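Below are the chains, spelled out letter by letter.
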Amino acid sequence: MSEGSPVIVKLDGVERHFGAVRALDGVDLVVGAGECVGLVGHNGAGKSTLMHILAGTGTPDRGTIAIGGTLETAYSVARAQKLGIRCVFQELSLCPNLTVTENTRISHAALKGPGWRQRSTALIRAKLDEIFPGHGIDPSDVVGDLAIGQRQMVEVARAFTVTDEPLRLVILDEPTSSLDAHTAGQLLAFIGRARQQGISTILISHVLGEILSTCDRVVVMRDGRVVASDTASSFDRDRLVGTMGGARHRDGDTATRARTRGQTPVKVRARPRNQQGSAELVAHAGEIIGLAGLAGHGQTRLLLDIYGASTHRRPGVEIDDPVALVAGDRQTDGIFPLWSIAQNIGIRSLAGLKRGWLLSAEREQALARAWQAKIGIRTPDLDNNILSLSGGNQQKVLFARALGSDARIILMDDPMRGVDIGTKLEVYDLIRAEAGKGRTFLWYTTEMDELSHCDHVYVFRNGRIVADLAHSELTEEKVIQSSFEEAGDRARERAS
Amino acid sequence: MSAIRTLLARPWIWSYIGALIVWLAAITFTGGYGAGGMITAALSLAVFMVIVGIGQMFVITLGPGNVDLSLPANIGLASAVAMKVMGGSNSMIAVGLIAALASGMAVGAFNYLLIRALRIPPIIATLSSSFIVLSIDIAYGRGLQIKPPPAFADFTNIQFFGVPILAIGGAIFAFLAGIALQRMIYGRSVLAIGQNMRAAWLAGIPVERIRFFTYTLSGALGGINGALLAGYFRGASVDIGNEYLLSSIAVVVIGGTSVAGGKANVPGIWGAALFLVLLLTMLNTFGVSAGVRLLLTGLIIVGVITAAGGQKALR
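What comes next concerns the included structure. Bear in mind the structure is a predicted one, so any value in this text is a computation, not a measurement.

## Remarks on helix α9 (residues 299-308) of chain A
Argument step 1. The buried fraction of α9(A) is high, at seven of ten residues.
Argument step 2. Those residues of α9(A) not exposed but buried are Gln299(A), Leu302(A), Leu303(A), Asp305(A), Ile306(A), Tyr307(A) and Gly308(A).

The structure is reproduced here in structure tokens:
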């Protein structure tokens, strides 16, 4: 914190319990004006709970909140809004049936009377242009029609719009997890500019590089406590990971295996719908195939086409084995919120859980227990509701559902969104082990690190495959180049 | 003690408690006179609500917007079809039942076709199909009351120690439906679709096949109900199913099934059906006029749904 800058937020000894679980166990936090604080920790460390308290959506069981030096006794969402504290949560909060303009109006009561629509449109457009130049979003677009990355951009831009209420602190919970590298960079640059205008930010991210490069100060949480708080320059990646208590990143172990293609039979052959030329995605048994490129450029679409081909024949897609999909957008594509963890795991394998005519509860439990052990789902009881798990553990349930099934082809739709690094490393190992047993993986990811786990990578742009890279020729530069480059890919397409 | 607590934690128990209270109120008023008869009558009438209620439950559990409003017309047509095919002859009873079942299934399948092929919301699709079915019924039945075969009419009125045979059949059927809901792939699939249709599809559930089956099942149960009603009331008529529009939905909701889908409850349907029938009996014994009776029934249903829905609002 820079010397003498006024304190915006001061939390003292904040505690929050959910039943026997201590989500927050006495947290102190100070944020100064114009300061960017990075908040890191494993899933379930208490980051989101803490931010909910700061945003007024959760109340602490113990402890005090002071905003701008005044002790807040009846802190609430409305109060937070009035004091200029905004939040961009991990679970997107825009109304999907309304337009971008209308969603902007929702958080600005001042936009009323005749002409509110124009003013709201101008407000959000200006902010989108400022943060994400070249965003391609029209404020009259209905939010439900936008890609998840674009929704996230609207959400972020909306949080930074100002009408009659002040803007002092914006909490960004995993804002870059559904953005591609380019837009994420735009956002991080904007955070730097906002800081100069005296706007503070709290940035929660699992991408440690962006925390270290963007933030002034880093706060590390573990098991509901703050375990370290220091200037960003005093941390490096290893120290951060070590402080979080996570496994260290193992470099090198992915690069060692080299395999020649085509020794195993082809399991998937798929052409994107508007592909020109002969390029197609090919996956052999036991391969991990990466789908790369900027977010929302047709990767998910192709995965869904492949998935759909498992029940209905589809031109341009051939698959040779049962398919399962691991959703990245947990809430809309993955989870059954009324069910237990065990039921959520078993749903893809119902036919195998039968004993005679009926589903066997023991078999369901056995399946769930086996995968709990294998993938490390942290829960005291598999009969607990799925929502009792943190986001990362919910994602593990979705992995267990797919890997526990009879599927030999596993499609993964950017499944590591908002998952902590420890979980990621565990899942990477598991994927590699399963591929070793002959399962085929198609893996859409926006993170460069994850592509290095793939045997072969297809880069997508505008719904087409524009590059086709073997593991040995894979570099970040090449992926980025083909994601953006306009001229070169035509030639490459013809060559392939 | 803990057994009682776990019993009270089950949502369906409240419908039985409600039924009990209403019954006690009625026999207190009559001074204990007709207590057993009331239960017999309630069981006989409740079973019809249970049969269509279970079909409606599966449909509602498919998720928001799913409801079968064609049941009354479906019941009316099936009752006419059954009676005409039976033609008053004992030897044709089985054929008539099959014909009623087929008629009901056809209506259910037609509903699904409207929903799927024309992408009409279920509430509109089933309502409009009910007008079509009603017109067919009027043209087909010509408003004539056809008597059921004597053996069929007698069968629907058999009782063992005051328990109607239909109620026993209805209890067995409800038990099987409960098994299908909780322990079979079909029921699991319905529950999954009701929570999140897209996630269900992505988890490998044949969503459209299950929806088709569910609407057809609801239609089939409506058809059977029509035939049984015609036997019990000794004749088919166009408006024989009218009361089952409201009551099929009411028993589902009072019985603890979530209107938002994904959560269903079979035992509660029996409790809710008994509650609704006994409520009418009670109001009758109080000598309340028909208008007030309807008013009170409506208010009580609203009250029960509000009370039962209260705990769900948390999420």
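## Concerning the sheet that holds strand β12 (residues 281-284) of chain A
All names here are of chain A.
Argument step 1. If you trace the three strands from one edge of the open sheet to the other, you get β12-β11-β14, paired in antiparallel fashion. Looking at which strands have only one partner, the edges of the open sheet turn out to be β12 and β14 (317-319). Looking at each pair of strands side by side, their axes are set apart by 10 degrees on average, direction ignored.
Argument step 2. When strand β11 (residues 266-270) meets β14, the two strands line up antiparallel, connected through three bridges. By the bridge assignment for β14, Ala-270 is matched with Val-317.

## Quick word on the packing of helix α4 (residues 71-86) of chain B against helix α11 (residues 207-232) of chain B
All names here are of chain B.
Argument step 1. Two elements in contact, α4 and α11, have axes separated by 7 Å at closest approach and are oriented at 55 degrees. By the criterion of interaxial angle, the relationship of α4 to α11 is oblique. Helix-helix and strand crossings are classified by hand; for α4 and α11 the assignment is right-handed. Counted together, Leu-71, Asn-74, Ile-75, Ala-78, Ser-79, Ala-82 and Met-83 of α4 and Ser-218, Gly-219, Gly-222, Gly-223, Asn-225, Gly-226, Ala-227, Leu-229, Ala-230 and Gly-231 of α11 form the full contact between these two elements.
Argument step 2. For the contact of α4 with α11, the residue count by class is eight nonpolar, nine polar and no charged.

## A word on the interface of chain A and chain B
Argument step 1. Contact residues are listed per partner, giving 26 residues for chain A and 23 residues for chain B.
Argument step 2. Both faces combined, the contact of chain A with chain B buries some 2,200 Å², and carbon together with sulfur accounts for 62% of it.
Argument step 3. The interface formed by chain A and chain B includes two salt bridges.
Argument step 4. A salt bridge links Arg198(B) to Asp333(A), with the shortest nitrogen-to-oxygen separation between them at 2.6 Å.
Argument step 5. Counting every contact that joins chain A to chain B gives nine residue pairs in polar contact (both at pLDDT 80 or more).
Argument step 6. For the side of chain A that touches chain B, the elements supplying multiple residues, two or more each, are α9, α10 (330-334) and β17 (358-359) of chain A.
Argument step 7. No other element matches α10(A), which puts four residues into the side of chain A that touches chain B.

## As for the sheet that holds strand β10 (residues 225-231) of chain A
Residue and element names in this part refer to chain A.
Argument step 1. Taken together, the six strands give an open sheet; going across it, the order is β6-β7-β8-β3-β9-β10, and neighbouring strands pair in mixed fashion. Each edge of the sheet is formed by a strand with only one pairing partner; in this case those strands are β6 (85-88) and β10. Each strand axis lies, on average, 15 degrees off the axis of its neighbour in the sheet, ignoring direction.
Argument step 2. Looking at chain direction, strand β9 (residues 217-222) and β10 are connected through six bridges and run antiparallel. By the bridge assignment, Val-218 is partnered in β10 with Asp-230.
Argument step 3. Here helix α8 (residues 237-244) sits on the sheet and contacts β3 (36-40), β9 and β10; the angle it forms with β9, its principal contact strand, is near 30 degrees.

## Considerations on the packing of aromatic side chains
Argument step 1. Taken as a whole and assessed by the stated rule, the structure comprises ten aromatic pairs over all chains.
Argument step 2. Chaining the aromatic ring pairs together yields one cluster made of Phe48(B), Tyr232(B) and Phe233(B).
Argument step 3. Across from the ring centre of Phe235(A), 4.1 Å away, lies the NZ or CZ of Arg239(A), which sits over that ring.

## A few points about the environment of Gly328(A)
Argument step 1. Here Gly328(A) lies in the loop between β15 (323-326) and α10.
Argument step 2. When near neighbours in sequence (up to four residues on either side) are disregarded, Gly328(A) contacts Gln395(A), Asp413(A), Asp414(A), Pro415(A) and Arg417(A).

## Details of the pattern of salt bridges
Residues and elements named next belong to chain A.
Argument step 1. In the structure shown here, the tally under the stated rule is 25 salt bridges over all chains.
Argument step 2. A salt bridge links Asp-25 to Arg-225; the nearest nitrogen and oxygen atoms lie 3.1 Å apart. With a gap of 200 residues between them, Asp-25 in strand β2 (residues 21-32) and Arg-225 in strand β10 connect regions that are remote in the sequence.
Argument step 3. Taken together, the shared-partner salt bridges in this structure form one network comprising Lys-267, Asp-320 and Asp-321.

## Section: unusual backbone geometry
Residues and elements named next belong to chain B.
Argument step 1. Of note in the backbone geometry, Arg-119 takes a positive phi value of approximately 55 degrees without being a glycine.
Argument step 2. Positionally, Arg-119 belongs in the loop between α5 (93-117) and α6 (122-141).
Argument step 3. Within the chain, Arg-234 stands out as a residue other than glycine whose phi angle is a positive 55 degrees.
Argument step 4. Considering the arrangement of structural elements, one finds Arg-234 in the loop between α11 and α12 (244-254).

Reading the values: the criteria
Residues numbered from 1 in each chain as written. Chains lettered and ligands numbered in written order. Predicted model: local features only at pLDDT ≥ 70, side-chain atom pairs only at ≥ 80, totals over all residues. Heavy atoms only, no water. Buried < 20%, exposed > 50% of the residue type's maximum accessible area, 1.4 Å probe, protein only. Helix = DSSP H or I, 4+ residues; strand = E, 2+ residues; numbered from the N terminus. Pairing = 2+ DSSP bridges. Axes fitted to C-alpha atoms, helices over the stretch in contact; angles between N-to-C directions. Parallel < 35°, antiparallel > 145°, perpendicular 65-115°, else oblique. Left-handed = near helix turned anticlockwise from the far one by under 90°. Contact = heavy atoms within 4.5 Å. Nonpolar A, V, L, I, M, F, W, Y, C, P; charged D, E, K, R; others polar. Buried area = accessible area lost by both parts, 1.4 Å probe. Salt bridge = Lys/Arg side-chain N within 4 Å of Asp/Glu carboxyl O. Polar contact = N/O pair within 3.5 Å; in protein donor to acceptor, adjacent residues only side chain to side chain. Phe/Tyr/Trp six-rings, centres within 6.5 Å; stacked < 30°, edge-to-face > 60°. Lys NZ or Arg CZ within 6 Å of the ring centre and 35° of its normal.

All quantities given are derived from atomic positions and should not be read as evidence of function.
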